[in-house]
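A structural walkthrough
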Amino acid sequence: MSLTVSNDLLDQARAGEVDDAAFVACVRDSLPYAWSVISGLVEERERTGAEFADNTVPPPDEAARGQLLRCLASDSMRGALERHFGMKLAFQNCHRVAVFAPSATEAHAEFVTARSQILNQSPELVDC
């Protein structure tokens, strides 16, 4: 299961629209490793003023890797986090997460190319 959903949030979803802040809190609480990686990158990017910040450190275990995959493969989770942080998220392989300033359109466009994906490959990442 991707998320641990409270009864209140489930009731909210059954009644209609889900509050973005409540959904983001659910993601944060359900996927703490993914949250820590993404929020840490947001802080790094803001601190440095760079166009983007990215993570190149593999997750410590399969459970952590699974959190990143579930979080970033979900359009709704990714979208909610992008709105929450005011950043664009991108993902390569099973752990290279990047956060981009909204103005970093060229850097983001380059990061998501087939060329960048291929250059980010290595033998140890074949079965990650």
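Our subject is the structure listed above.
Read on for an overview of the structure. Remember, predicted model here, so these are calculated numbers, not experimental data.

Along the chain, Ala-34 turns up in helix α3 (residues 32-48). Judged by its relative accessible area of 0%, Ala-34 falls in the buried class. Along the sequence, Ala-34 and Arg-70 sit 36 residues apart, while their C-alpha atoms lie 8.9 Å from each other. When neighbours within four sequence positions are excluded, Ala-34 is seen to be in contact with Gln-67, Leu-68 and Cys-71.

This brings us to the packing of aromatic side chains. Applying the stated criterion across every chain, the model contains two aromatic pairs. Taken together, a centroid distance of 5.2 Å and an interplanar angle of 40° make the contact between Trp-35 and Phe-85 tilted. A residue pair is termed long-range when its members are at least 10 positions apart, and Trp-35 in helix α3 and Phe-85 in helix α5 (residues 75-85) qualify at 50 residues. Taken together, a centroid distance of 4.9 Å and an interplanar angle of 25° make the contact between Phe-52 and Phe-100 stacked.

Counted according to the given criterion, the structure contains six salt bridges. Asp-11 is the salt-bridge partner of Arg-14, the closest N and O atoms lying 3.8 Å from each other. Within this pair, Arg-14 and its partner Asp-11 are both found in helix α1 (residues 7-15), separated by three residues, close to a single helical turn. Take Arg-14: its relative accessible area is 64%, and that puts it in the exposed class. Judged by its relative accessible area of 43%, Asp-11 falls in the partly exposed class. Notably, a salt bridge pairs Glu-82 with Lys-88, separated by 3.7 Å at the nearest N-O pair.

This part takes up α5. Along α5, the residues that are buried comprise Met-77, Gly-79, Ala-80, Leu-81, Glu-82 and Phe-85. Where α5 is buried, its residues touch α2 (20-30), α3, α4 (62-73) and β2 (88-92). One or two steps after α5, the chain reaches Gly-86, where phi turns positive at roughly 70°.

Further remarks concern the sheet that holds strand β1 (residues 52-54). Pairing is antiparallel in the open sheet, where three strands are placed in the order β1-β3-β2. Lying at the two open borders of the sheet, with one neighbouring strand each, are β1 and β2. Going from strand to strand, the sheet's axes swing by 20° on average, the running direction of each strand aside. The pairing of β1 with strand β3 (residues 96-100) spans three bridges and is antiparallel.

Analysis parameters
Residues numbered from 1 in each chain as written. Predicted model: local features only at pLDDT ≥ 70, side-chain atom pairs only at ≥ 80, totals over all residues. Heavy atoms only, no water. Helix = DSSP H or I, 4+ residues; strand = E, 2+ residues; numbered from the N terminus. Buried < 20%, exposed > 50% of the residue type's maximum accessible area, 1.4 Å probe, protein only. Contact = heavy atoms within 4.5 Å. Phe/Tyr/Trp six-rings, centres within 6.5 Å; stacked < 30°, edge-to-face > 60°. Salt bridge = Lys/Arg side-chain N within 4 Å of Asp/Glu carboxyl O. Pairing = 2+ DSSP bridges. Axes fitted to C-alpha atoms, helices over the stretch in contact; angles between N-to-C directions.

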